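# Summary of structural features
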Amino acid sequence: MARFAMNKFEILPAVDVKEGKSVRLKQGEPDEKSIYGSPIDCALDFQKAGASWLHLVDLDAAYGVGNNSKVLLEVINSLEIKVELSGGINNDQSLSRALATNCDRVVLSTLALENLVWSSEVVKKYGDKIAVSLDIKDQKLAPRGAITKGGDLFEAISHLTSVGCSLFIVTDVTRDGNLSGPNFELLEKVCEFTKVPVIASGGISSLADIEKLHSMQKIGVTGAIVGKALYEGAFTLAEALTLVNS
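These notes cover the structure that comes with them.

Cut-offs and rules
- As a convention, each chain's residues are numbered from 1 in the sequence order in which they are written.
- Only residues with pLDDT of at least 70 are given local features in this predicted model, and only at 80 or more are side-chain atom pairs given and counted; all residues enter the totals for whole chains, interfaces and linings.
- Calculated side-chain values reflect all of the structure's heavy atoms, with hydrogen atoms and water omitted.
- The buried label applies to any residue whose accessible area, calculated with a 1.4 Å probe on protein chains only, is under 20% of its type's maximum; exposed applies above 50%, and partly exposed to all values in between.
- Helix and strand assignments follow DSSP, with helices taken as H or I runs no shorter than four residues and strands as E runs no shorter than two, numbered in order from the N terminus.
- Whether two strands pair comes down to DSSP finding at least two bridges between them.
- Whenever Lys or Arg places a side-chain nitrogen within 4 Å of a carboxyl oxygen from Asp or Glu, that contact is recorded as a salt bridge.
- We call two residues in contact when some of their heavy atoms are within 4.5 Å.

## Notes on the pairing of strand E9 (residues 168–172)
Along E9, five of the five residues are buried, which leaves the element largely enclosed by surrounding structure. Here E9 shows two buried faces, one formed by Phe 168, Val 170 and Asp 172 and the other by Ile 169 and Thr 171. Summarising the sheet, strand E7 (residues 130–137) and E9 pair through five bridges and their orientation is parallel. Residue Leu 134 lies in a different strand from E9, and its bridge partner there is Val 170. Both E9 and strand E10 (residues 198–201) contribute to a ladder of four bridges, which runs parallel.

What follows is the structure, encoded as structure tokens:
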């Protein structure tokens, strides 16, 4: 099976929304957060800096403690760039709400994979409109907001690949938000196992990380979601875009 073609390696700056504000969590823990102000202001700043995509996340929906639908819609409507929408999308109601925003891509949550029949039908029906989030800890699925442990990572990948999934977003949750560097070994294992393209997420801390991920494009890593490194000033979005587009 041929890899899903992307015109270029994409850098997707992240705006995570909790209680109406832009935040970043540490290792996915809701109580370990840094607040960065208005989601719309953050998104517009990324657009101004040259982003082609925005990764927009409803953290309250992801953890089942509410939602930020109004804020998300305001962000999407304020932008001229593409938006992929994530956070708690794991059933018909949340999927319909996400699709109604007219975002460019919807990311099914890892929790949705507890119902592979439903997830598979969504993937088959909507095609490239759907990406699947693979939140991972110790090579096992680790759904955010779940009480029980997730299922087998590679069984889920195999099944979703077989039904035509167009994109996986791979996150090592132990590295998410702590600037410790991506889990390159995990990304390599996933890319060895499936021909479905992968967007890397979690732990990106430097332009060297971006450069290494960009070099992995040949094995199927077609983009990177960057959050805390941008907010903390480790590098600028413009610098990252220049690196991958040069």
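This is not the end of the story, as more comes after the structure.
## A short note on the pattern of salt bridges
Counting across every chain of the model gives six salt bridges. With a closest N to O distance of 3.3 Å, Asp 60 and Lys 18 form a salt bridge. Taken together, the residues span a long stretch of sequence, with Asp 60 in helix H2 (residues 59–62) and Lys 18 in strand E1 (residues 10–18) at a distance of 42 residues. Judged by its relative accessible area of 5%, Asp 60 is buried. A salt bridge links Asp 152 to Lys 140, with the nearest nitrogen and oxygen atoms 3.8 Å apart.

## Here we look at the side chain of Asn 68
Counting through the fold element by element, Asn 68 comes out in the loop between H2 and helix H3 (69–78). Note on Asn 68: relative accessible area 7%, which makes it buried. When residues no more than four places from it in sequence are discounted, the contact partners of Asn 68 are Val 17, Lys 18, Glu 19, Gly 20, Asp 58 and Asp 60.

## Topic: the side chain of Ser 119
Examined against the element boundaries, Ser 119 turns out to sit in helix H5 (residues 116–126). Assessed through its relative accessible area of 0%, Ser 119 is described here as buried. What Ser 119 contacts, discounting residues up to four positions off in sequence, is Leu 108, Ala 112, Leu 113 and Leu 160.

Geometric values such as these leave the question of function open.
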